[in-house]
Amino acid sequence: MLTDRLDAASAAFEVGYESPTQFNREYSRLFGAPPKKDIQRPVQPIAD
């Protein structure tokens, strides 16, 4: 979502979900936060 600048609904359809709501629910369950929160969170570079 970050590299392609997709919103959650577009990402849901990209990966084969028919329902953005279901994608959001499963994303939240897996990652502990809804995709919108992850998109808004600043990306920190990986330290070497």
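That block above? That's the structure.
Residues numbered from 1 in each chain as written. Predicted model: local features only at pLDDT ≥ 70, side-chain atom pairs only at ≥ 80, totals over all residues. Heavy atoms only, no water.

**A closer look at the nonpolar core**
Within the largest apolar cluster, five residues are counted, these being Ala-8, Ala-11, Ala-12, Phe-23 and Tyr-27. Those elements that provide at least two residues to this core are helix 1 (8-14) and helix 2 (20-31). Among the elements that line this core, the one with the most residues is helix 1, at three residues. Discounting chain neighbours no more than four positions away, the residues touching Phe-23 are Met-1, Ala-8, Ala-11, Ala-12, Val-15, Tyr-17 and Pro-35. (Core = buried A, V, L, I, M, F, W, Y, C linked by side-chain atoms within 4.5 Å. Buried < 20%, exposed > 50% of the residue type's maximum accessible area, 1.4 Å probe, protein only. Helix = DSSP H or I, 4+ residues; strand = E, 2+ residues; numbered from the N terminus. Contact = heavy atoms within 4.5 Å.)

**A closer look at the environment of Phe-23**
Relative to the elements of secondary structure, Phe-23 occurs in helix 2. Using a relative accessible area of 10% as the deciding quantity, one classes Phe-23 as buried. Spatially, the C-alpha atoms of Phe-23 and Ala-9 are 8.0 Å apart, while their sequence positions differ by 14 residues.

**Overview of the packing of aromatic side chains**
For the structure on display, the rule yields three aromatic pairs. Seen from their ring centres, Tyr-17 and Phe-23 are 5.4 Å apart, and the 70° between their planes marks the pair as edge-to-face. With 4.6 Å between their ring centres and 45° between their planes, Tyr-27 and Phe-31 make a pair best called tilted. With Tyr-27 and Phe-31 both in helix 2 and four residues apart, the pair spans about one turn of that helix. (Phe/Tyr/Trp six-rings, centres within 6.5 Å; stacked < 30°, edge-to-face > 60°.)

**Digging into helix 2**
Two residues of an α-helix separated by three or four positions point the same way, owing to the 3.6 residues in each turn. When the terminal C-alpha atoms of helix 2 are compared, their 16 Å separation across twelve residues agrees well with the 16 Å that a helix rising 1.5 Å per residue should span. The positive-phi residue at the C-terminal boundary of helix 2 is Gly-32, with phi of around 85°. (Expected span 1.5 Å × (residues − 1).)

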